[in-house]
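# Structure assessment
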Amino acid sequence: MHQDGSGLRPGDEVDTADGFAAFVRKLLRESDPAVPPAPGWVHCTYWWVVEDDEVLGAIALRHELNDFLLEAGGHIGYGVRPAARRRGLASWALAGVLPYAKSLGLDRVLLTCNVANEGSRRTIERNGGVLEDIRDTEIGRVRRYWIAVAGE
């Protein structure tokens, strides 16, 4: 199962207690600035949106941008399960992550969304996103937004 923002990648085994524990340890390592990131990756901190022991979504904050993230992926990625959408969870999660971005020393963060994703567009704009451009990238045609966090 893929969930944007969760850090879950092909090969991660999360169906057993040991596999899930290993997955969580991997996420914690990825957020730790004392642990060098894997080649091509950057440090990233993950949060899950949980209600009554059910994961409804996830959000990830990449601590810096590499070339791919600057072009297409951005600092922040998130996703909400279809059954939990239209409740404001993505906006709530994004608003909660912005102060953490500031604590990392970021003055602004880049977010992107597919041009057809109206829900994500509204979420980003609701949180102060200013459209820089729309461009074709290796993950498709995306809208690129910047959110200032220095004044948060």
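What counts, and where the lines are drawn
- All chains use their own residue numbering, which begins from 1 and follows the written sequence.
- Local features in this predicted model are restricted to residues whose pLDDT is 70 or higher, and side-chain atom pairs enter the listing and the counts only when it is 80 or higher, whereas totals over whole chains, interfaces and linings include all residues.
- Only hydrogens and water are set aside when side-chain values are computed; all heavy atoms of the structure are taken into account.
- We call a set of buried Ala, Val, Leu, Ile, Met, Phe, Trp, Tyr and Cys residues a nonpolar core when their side-chain atoms join them within 4.5 Å.
- The buried label goes to any residue with under 20% of its type's maximum accessible area, the exposed label to any with over 50%, and the partly exposed label to all in between, with areas taken from a 1.4 Å probe on protein chains only.
- By the criteria applied, helices consist of DSSP H or I runs no shorter than four residues and strands consist of E runs no shorter than two, each listed in order from the N terminus.
- Here, two residues are considered to be in contact whenever any of their heavy atoms come within 4.5 Å of each other.
- Only C-alpha atoms enter the line fits that serve as axes; for helices the fit covers just the stretch in contact. Angles between N-to-C directions range over 0 to 180 degrees.
- Should the near helix be turned anticlockwise from the far one by less than a right angle, the crossing is termed left-handed; should it be turned clockwise, right-handed.
- Residues enter patches when their relative accessible area tops 30% and they take part in no salt bridge; the joining distance is 9 Å for like charges and 5 Å for the nonpolar side chains Val, Leu, Ile, Met, Phe, Trp and Tyr.
- A 1.4 Å probe and the Shrake-Rupley method give the accessible areas. Residues count as covered only by the protein chains that appear here.
- In what follows, salt bridge is the name for a side-chain nitrogen of Lys or Arg lying within 4 Å of a carboxyl oxygen of Asp or Glu.
- Pairing of aromatic rings covers Phe, Tyr and the six-membered ring of Trp, with a centre-to-centre limit of 6.5 Å; geometry is then stacked below 30 degrees between planes, edge-to-face above 60, and tilted otherwise.

### Remarks on the nonpolar core
Membership of the largest hydrophobic core comes to 23 residues, with the highest contact counts inside it found for Ile76, Val109, Leu111 and Ile147. It is helix H3 (residues 89-103) that contributes the most residues to this core, seven residues altogether. Excluding residues within four positions of it along the chain, Ile76 makes contact with Ile59, Ala60, Leu61, Arg62, Leu94, Val97, Leu98, Val109, Leu110 and Leu111. In this structure, Leu27, Cys44, Tyr46 and Ala60 belong to the second largest nonpolar core, which totals six residues.

### Digging into the packing of H3 against helix H4 (residues 118-126)
Interhelical geometry of H3 versus H4 gives an angle of 40 degrees and a closest axis separation of 9 Å. The two elements H3 and H4 meet at a crossing, and its hand is right-handed. Packed against H3, whose contacting residues are Ala90, Ser91 and Leu94, the element H4 presents Thr123, Ile124 and Arg126 at the interface.

### Considering a nonpolar patch on the surface
Side chains of Phe20, Trp48, Val50 and Val55 sit close together on the surface and give an oily, nonpolar patch of about 340 Å² of accessible area. Note on placement: Phe20 falls in helix H1 (residues 17-31). Since its relative accessible area comes to 36%, Phe20 is described here as partly exposed.

### Some thoughts on unusual backbone geometry
Excluding glycine, residues mostly have negative phi values, and the peptide bonds linking residues are mostly trans. Positive phi values are uncommon outside glycine, yet Asp52 reaches one of about 50 degrees. Relative to the helices and strands, Asp52 is located in the loop between strand S1 (44-51) and strand S2 (54-62).

### As for the pattern of salt bridges
In total, this model carries 12 salt bridges according to the counting rule given. A salt bridge links Arg135 to Asp133, with the nearest nitrogen and oxygen atoms 2.5 Å apart. Classification of Arg135 by relative accessible area gives partly exposed; the value is 23%. Through salt bridges with shared partners, a single network forms among Glu71, Glu132, Asp133, Arg135 and Arg144.

### Things to note about the packing of aromatic side chains
What describes a pair of aromatic rings is the distance from one ring centre to the other and the angle between the planes of the rings. Under the definition given, this model contains four aromatic pairs. Relative to Trp48, the ring of Phe23 has its centre 6.4 Å away and its plane inclined at 10 degrees; by these criteria the two rings are stacked. Of this pair, Phe23 sits in helix H1 while Trp48 is found in strand S1, placing the two residues 25 residues apart along the sequence. Here Trp47 and Tyr100 contribute two aromatic rings whose centre-to-centre distance is 5.2 Å and whose plane-to-plane angle is 80 degrees, an arrangement assigned as edge-to-face.

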